[in-house]
Amino acid sequence: MSDPMPMSEARRYQQLRGHLSYLKLNDAAEALPRVLDQARAERMTLTTALEKLLEIEVEATEARKLSSRLRFACLPEPWTLNDFDFAAQPGVDEKLIRDLATLRFLDNASNVLLVGPPGVGKTMLAVALARSAVDAGHRVYFTTAAELAAKCHKAALEGAVSRDRRNTWSC
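What counts, and at which threshold
- Residues numbered from 1 in each chain as written.
- Predicted model: local features only at pLDDT ≥ 70, side-chain atom pairs only at ≥ 80, totals over all residues.
- Heavy atoms only, no water.
- Helix = DSSP H or I, 4+ residues; strand = E, 2+ residues; numbered from the N terminus.
- Contact = heavy atoms within 4.5 Å.
- Phe/Tyr/Trp six-rings, centres within 6.5 Å; stacked < 30°, edge-to-face > 60°.
- Buried < 20%, exposed > 50% of the residue type's maximum accessible area, 1.4 Å probe, protein only.
- Lys NZ or Arg CZ within 6 Å of the ring centre and 35° of its normal.
- Salt bridge = Lys/Arg side-chain N within 4 Å of Asp/Glu carboxyl O.

> Go over the side chain of Glu 57 with me, naming the residues and quoting the values.
Inspection of the secondary structure puts Glu 57 in helix 3 (residues 46-73). Filtering out sequence-adjacent residues up to four positions away, Glu 57 remains in contact with Lys 24, Leu 25, Asn 26, Asp 27, Ala 28 and Arg 64.

Given below as structure tokens:
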């Protein structure tokens with residue numbers, strides 16, 4: 001039995017855009033005309049065109065998530081390990097830092113403490129490691145010891161110090 005009133009291509013296109021918008025796939029909805037034109041020009045299969053459309057949405061979603069994690073992290077600078085001059089700081093164990101950059105310490109729930117005199121790059125390395133973690137999809141929050149102490153002192157004065165579910169103190 002055939003459909004008595006077939007849907008026009010224009011209406012089908014508008015409905016598809018509407019579905020994408022309803023599902024909040026806004027980047028895919030915006031890219032739809034371009035992907036359809038490319039699919040027609042390159043004679044893509046439906047599967048290839050759909051994969052391309054969804055890839056655009058996934059990449060946009062990942063970019064938004066990265067941006068959100070970076071805002072939350074409060075990193076003072078956009079440093080990465082590539083910005084650190086190991087030759088200028090021979091006391092810094094490059095092999096150890098590169099190993100830390102694998103983020104294996106997160107799997108073990110280990111802490112990393114950078115200790116040294118002023119000006120040797122502790123903050124830069126901490127920011128670079130934090131950026132590596134953010135890029136890998138982890139949530140990070142950067143603060144200095146002085147800021148943390150001030151927040152904890154203020155919380156203690158306000159009676160807001162509590163224990164979290166891991167039985168550690170937080171403020």
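That covers the picture; the talk isn't over yet.
> Outline the packing of aromatic side chains, listing residues and values.
With the rule as written, the count across this model stands at 2 aromatic pairs. Ring geometry for Phe 72 and Tyr 141: centres 5.9 Å apart, planes at 55°, overall tilted. You can see Phe 72 sitting in helix 3 and its partner Tyr 141 sitting in the loop between helix 6 (122-135) and helix 7 (145-158), a full 69 residues away along the chain. The class of Tyr 141 is partly exposed, set by a relative accessible area of 44%. With a centroid separation of 4.8 Å and 70° between ring planes, the pair formed by Phe 84 and Phe 86 is classed as edge-to-face. By the burial criterion, Phe 84 is buried, and Phe 86 matches it. Over the ring of Phe 72 we find Arg 139, and its NZ or CZ is 3.8 Å from the ring centre.

> Outline the pattern of salt bridges, supporting the account with residue identities and numerical values.
Side-chain pairs of opposite charge can arise where the charged atoms are in close proximity. What the rule picks out here adds up to 8 salt bridges. Between Arg 40 and Asp 37 there is a salt bridge whose closest N-O contact spans 3.3 Å. Of this pair, Arg 40 and Asp 37 both sit in helix 2 (residues 26-42), 3 residues apart, which is roughly one turn of the helix. Classification of Arg 40 as exposed rests on a relative accessible area of 60%. Of the residues examined, Asp 37 reaches a relative accessible area of 46% and is grouped as partly exposed. Its salt-bridge partner being Arg 98, residue Glu 94 comes within 3.3 Å of it at the nearest N-O pair. One end of the pair is Glu 94 and the other is Arg 98, both in helix 4 (residues 94-100) and 4 residues apart, which spans about a single turn. Residue classification places Arg 98 among the partly exposed residues on the basis of a relative accessible area of 37%.

By themselves these figures say nothing about function.
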